[in-house]
Structure formats: C-alpha cells, structure tokens
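# Report on the structure
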Amino acid sequence: MSDTSNPLDDPTADPFAVAAEAAADIARLTGVERHDIALTLGSGWGRAAELVGETTATIPASEVAGFSAPALEGHVGSLRSILTPRGKRVLVIGARTHYYEGHGVRRVVHSVRTAAATGAKTMVLTNGAGGIRPSWKPGTPVLISDHINLTGDSPLEGATFIDLTDLYSMRLRDLARTIDPSLDEGVYCQFRGPQYETPAEVQMAKIIGGHIVGMSTALEAIAARQAGMEILGFSLITNMAAGIQTTPLSHKEVIEAGQLAEPVISSLLARVIGAM
Ligand code: 8IG
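Residues numbered from 1 in each chain as written. Predicted model: local features only at pLDDT ≥ 70, side-chain atom pairs only at ≥ 80, totals over all residues. Heavy atoms only, no water.

It is worth spelling out helix α6 (residues 218–226) at this point. A large share of α6 lies buried, amounting to 7 of its 9 residues. Residues of α6 that are buried include every one of A218, L219, E220, A221, I222, A223 and A224, and no others. As for α6, its buried residues are in contact with β1 (37–40), α3 (105–117), β5 (122–131), β6 (140–149), β7 (184–190) and β9 (230–240). Remark: G228 follows α6 within two positions and exhibits a positive phi of approximately 85°. (Buried < 20%, exposed > 50% of the residue type's maximum accessible area, 1.4 Å probe, protein only. Helix = DSSP H or I, 4+ residues; strand = E, 2+ residues; numbered from the N terminus. Contact = heavy atoms within 4.5 Å.)

Our focus in this paragraph is the nonpolar core. Of all hydrophobic cores here, the largest spans 39 residues; its most connected members are L79, M123, I212 and I231. Secondary structure elements with two or more residues in this core: α1 (15–30), β4 (89–93), α3, β5, β6, α6 and β9. For this core, the leading source of residues is α3, giving 5 residues. Among residues more than four places away in sequence, those in contact with L79 are I26, A57, T58, I59, A61, V64, F67, V92 and I93. (Core = buried A, V, L, I, M, F, W, Y, C linked by side-chain atoms within 4.5 Å.)

Further remarks concern the pairing of β9. In terms of burial, β9 is largely enclosed, as 10 of its 11 residues are buried. With 10 bridges joining them, β5 and β9 adopt parallel strand pairing. Within β9, the residue paired with M123 across the bridge is I231. Bridging between β6 and β9 involves 4 bridges; their strand directions are antiparallel. Opposite V142, over in β9, you have S235 as the bridge partner. (Pairing = 2+ DSSP bridges.)

Going from G193 to P194, the amide bond is cis rather than trans, its omega being 0°. Within the secondary structure layout, P194 lies in the loop between β7 and α5 (199–207). Within the chain, D166 stands out as a residue other than glycine whose phi angle is a positive 55°. As for its position among the elements, D166 is in the loop between β6 and α4 (170–179).

All right, on to the pattern of salt bridges then. Inspection of every chain in the model, using the stated rule, returns 12 salt bridges. One salt bridge in this structure joins D25 and R28, with 2.8 Å as the shortest N-O distance. Of the two residues, D25 and R28 both sit in helix α1, 3 residues apart, roughly one turn of that helix. Accessibility expressed as a relative area gives 9% for D25, which makes it buried. R28 sits in the exposed class, given a relative accessible area of 56%. Between R80 and E50 there is a salt bridge, with its nearest N and O atoms 3.3 Å apart. In this pair, R80 sits in strand β3 (residues 78–83) while E50 sits in helix α2 (residues 49–52), placing the two residues 30 residues apart along the sequence. Among the ionic contacts, a cluster of salt bridges with common partners joins D166, R173, D174, R177 and E185. (Salt bridge = Lys/Arg side-chain N within 4 Å of Asp/Glu carboxyl O.)

Okay, here's the thing in structure tokens:
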C-alpha cells in the first residue's frame, strides 16, 4: 500500500480484514512473523523505544495497509520492530491517528487492530495529557486506571457489547509499580479536541471522576479490549489542565515538558516492558 488512498475510507471495507492485511505487510517488511507486545508512543514518549531493545526493522507506515494517507497530510510516521533482551518482539507504533483529525474512528483504532493481528497480546498505550491533580507537576508519568470516553463515539460497530471492567489491567499496573512504587494513577478523560478544555470543562471532568484530560487512548483501549488484548496505559502529564494552572496553555511548553521528562519516562517504560 504505497498509493495515497486508504482502504478504511471505503465504508464497505471490513476493518478487521484491513488490519489482517496490515499485519501481513508488517511481517513481510520487518521479517518478524509475530509480535508479542505493541507500544503506541504519544507526545513526550517518542524516544522511549530506543531503550526497549534492539531495533531490528523500521518501516514507513505508508507502506502498511490502512496507514496510508493522502499526500497533503504529510508523513504518517513509522513502525518499528524491537527485540527485547528477554527475546520478546515489540511492535512500536509511532503513527497515531487522532480522533480530531476527522478521518473516523476506524482510522483511529487501526493501529491497535493491526497490532492485535500481528499476534500482540499486550497493548501499551502512552500519551501526553493535562493533569487535574495540582500535585502532578509537568513531567509526571501517571498510570491510567480507567477512562471516561467523552467523544460520544466508539470503535465498536453494531450491537457489540463488550465488558470494560479492569480495562486497564490491574496486573500490568501492579507490574509497573514494582518498577516505580511512586507511580500515581488516575482516570483518563478523552475529549474530542483539538482545542484544549475550558476551565469549566476541566471542572466537569474533575466532578465526574476524572484526573487526566487528553485527546487519545480511550477509543484505542476499547478496540484493544475488543481484540482481546491486555492493556497498560501511561499518561505523561505535560501540563496542568486549563484553570488548574492559571496561565494559558501553550503547545510549546507542553512539548518542552515532554522533552525534559523524556529520559526518565523512557527508562521507566523500557523497564516495565522489559519485565513483561
Ligand atoms: I500534551 O491539557 C496535552 N494533551 N485534552 N488537554 C487535552 N489534551 C492534552 C492536554 C490537555 N495536554
């Protein structure tokens, strides 16, 4: 798939068939028949892959079915195959499609469905996000304990009733805490974006039980559960949510906080994945 059309934009296409095709593309292009773990790198987490193990292949996502995008949107990132010291194969997804891009939820969760089709039983989802707890300073990594999906959308089609109890695996959260016992956890609220929240929306999120605000992950986690994967979610708090911090949110500050935290969270993530 190196043309500019995307099979997922055809409403009659079966998204699971496209994911199976993508998994076959990945096997062919990486030379790795099956992966064990998939890792989506969100803002701030980009360098973490280097510490996870030895990169055995890097492929442009545009070569993989369903990841291709019209040329005008620019590049869609890359996919990497990594071999951990303990012999696990990790598929690193550096090509997240956000809901706010407006291509529909099938495109948003395609990387997760593809990861499942490569054989991955564990899905590690990372993101950069705003924090509601004032004690979480920019640069703090937080485990996701649960989510509130405020997009009003779902990757599930038709009467597909799926249990989301323990969506963010307690077992994997406990595993992460064996690496860093100081890790806090919280409920992730996925907003549609791309605008950041108003202070009133952040207060709403707090009142309904949220601790973290972001624009990804919840829809992906639902698709991962549908695919039978065990899920670990990490947010890097890059900013205090609007109104929690009194100064305006700046995208530049968000990026800088991520860059400062990068060495610490990269080694954390590598050690957690290494322990899987
Ligand atoms: I980085 O404060 C990052 N992503 N919704 N709100 C939302 N998404 C975010 C934020 C934030 N910071």
